[in-house]
Amino acid sequence: LLRSSQPLTGPNRQRCREDEKLLGTILDEGERGFIIDTRSAQAAKQARMGGGGTEPKSSYPQWRRLHRALDRGRPLQESFIRLVEACSDPSLSMDRWLSRLESSRWLGHVKAALSTACLAAQCLDREDSNVLVHGAEGTDTTLLVTALAQLILDPSCRSLEGFQGLLEREWIQAGHPFQLRCARSASSHARGKQEAPLFLLFLDCVWQLSRQFPFSLEFGEQLLLTLFDNAYASAYGTFLCNNEKERSLCKVKESTHSLWAWLNQPEEKQKFLNPLYSHNPLVIWPSVEPQSIQLWQGLFLRWIRPSQHLDEAWVEIQRLVQGN
C-alpha cells in the first residue's frame, strides 16, 4: 500500500523515467497494480492545465487507474458546519432535523471515505495486488484512505498500541497539516482558508467500524473523543505543527509531553480500553449501505444529550467483564 502526492507524469512535461522504473520494479512480470486517485474531476483538470496530469496507460501498462473523488477542502468544511448547526438546534421538528442532517451531506462523506478504503483493501486482499493512493497533496484524503484500509485489513492496527502507531505513521509522520486544518475550534464559524475536518472524518469512520464490529477494536469511543479534543486543543505536543520538519525546528519533542505517554499510563489506559474486545485475526469488511452509516451521537450530540446513563452502563459492562 503506497502513497503519492502528485501524478507521476503529465502531458505538458517530460515523462519521469525514474517514477516509471520505480513502479515497474514493485510488480513482478504478469502482476498488476491499482492507482486510486482521490482527487475530484475539477482538481484533476486544474492539475492538467498547470502541467500535471494523470498516469498515461502506455507508461504504466501493469497499473490500472481508478478514480474515487473525495472532498477535502471547502465542501467538507461547509458540510461539517451545516451538521454542527443542525446538532446545536434542539428545537427542530423530526422532519426538519432529518432534512438538515441530509442536506449537510456529512454522512455521505463518511460513506465515500469508507467505500474508497474498502476498494483499496479489496485490491490488496482479494486481488493480491499492490495499490498506490494519491491525491492533490498527499497529506489529506490520501492518508484517510491508507489509514482506514490498514484498519480494515490488519488486526494489529486495531489494538490500542497498534492504533497509536497507525496515527503516528499515517497522519503525523506522513505530514497531515494539523496546525492548518485544526487552527480553531471545530465548531467555530470563523474559519481559515486551510481549515478542514479531515482528521475528524477519519475518527468518525473509525467509530463506524467500532459500531459495526464491537468486539474487534481494543479501544472504545472515549479514545476517539479524546483524540478529537487533542487535535484541536491540547496540553501535549503530539498534534502540533504541520509536518516533521516544523516539529524539529520548534523542538516539539524536547519541549512538550507526548499524548501517547499520557494515554499509556496504567491508570489512564484503562479508561480507553474496550471491555468487549476479543482479538479478531480476520479482515473486517464494513457495510457502506446508507442504512449502515449512522450519526456519531457521542461526538456531535454530546453537549445536548445527557451521557450519565451511557457512562454508567459502560462502567457496568467493565465490571461484569472483569468479574468473569
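Structural data are supplied above this passage.
All figures in this text were calculated on a predicted structure; none of them were measured in a lab.

A.B. asks: Now, about empty space enclosed by the protein: what can you tell me, with residues and values included?
C.D. replies: Taken as a whole and assessed by the stated rule, the structure comprises one cavity of 30 Å³ or more. In this model, the largest cavity occupies a volume close to 40 Å³. Residue composition of the lining of the largest cavity, grouped by class: one nonpolar, five polar and three charged.

A.B. asks: How would you summarise helix H5 (residues 106-125) if you had to cite specific residues and measurements?
C.D. replies: Spanning 20 residues, H5 covers 28 Å between terminal C-alpha atoms, matching the ideal 28 Å at 1.5 Å per step. Among the residues of H5, Trp106, His109, Val110, Ala113, Leu114, Thr116, Ala117, Cys118, Leu119, Ala120, Ala121 and Cys123 are the ones counted as buried.

A.B. asks: How would you summarise the packing of aromatic side chains if you had to cite specific residues and measurements?
C.D. replies: Under the counting rule described, the total for this entry stands at 16 aromatic pairs. A ring pair is formed by Trp106 and Phe300, whose centres lie 6.0 Å apart and whose planes are at 75°; its orientation type is edge-to-face. Taken together, the residues Trp106 in helix H5 and Phe300 in helix H15 (residues 297-300) connect sequence positions 194 residues apart. Side by side, Trp106 and Phe300 carry an identical accessibility label, which is buried. Aromatic rings pair up to connect Phe163, Trp171, Phe178, Phe199, Phe202, Phe219, Phe239 and Trp260 into one cluster. We note Arg126 situated over the ring of Trp285; from NZ or CZ to the ring centre the distance is 4.5 Å.

A.B. asks: Describe in detail the layout of surface pockets, supporting the description with residues and values.
C.D. replies: Roughly 810 Å³ of volume is contained in the largest pocket. Looking at the largest pocket, it is lined by 25 residues, and the ones nearest its centre are Gly220, Glu221, Gln222, Leu310 and Trp314. Listed by contribution, the elements that provide at least two residues to the lining of the largest pocket are helix H9 (198-212), helix H10 (221-232) and helix H16 (308-323). Ranked by the residues each element gives to the lining of the largest pocket, the list is headed by H16, at seven residues. Among the residues making up the lining of the largest pocket, the classes are represented as twelve nonpolar, seven polar and six charged. Counting only elements with at least two residues in the lining of the second largest pocket, the list comes to helix H2 (41-49) and helix H3 (74-87). Among the residues forming the lining of the second largest pocket, the class breakdown is five nonpolar, eight polar and eight charged.

Each value, and the rule that gives it
Residues numbered from 1 in each chain as written. Predicted model: local features only at pLDDT ≥ 70, side-chain atom pairs only at ≥ 80, totals over all residues. Heavy atoms only, no water. 1 Å grid on protein atoms, 1.4 Å probe; cavity = no way out; pocket = protein on both sides within 12 Å on 5 of 7 lines; lining within 4 Å. Points joined across faces, edges and corners; volume = space filled by probe spheres on them. Nonpolar A, V, L, I, M, F, W, Y, C, P; charged D, E, K, R; others polar. Helix = DSSP H or I, 4+ residues; strand = E, 2+ residues; numbered from the N terminus. Expected span 1.5 Å × (residues − 1). Buried < 20%, exposed > 50% of the residue type's maximum accessible area, 1.4 Å probe, protein only. Phe/Tyr/Trp six-rings, centres within 6.5 Å; stacked < 30°, edge-to-face > 60°. Lys NZ or Arg CZ within 6 Å of the ring centre and 35° of its normal.

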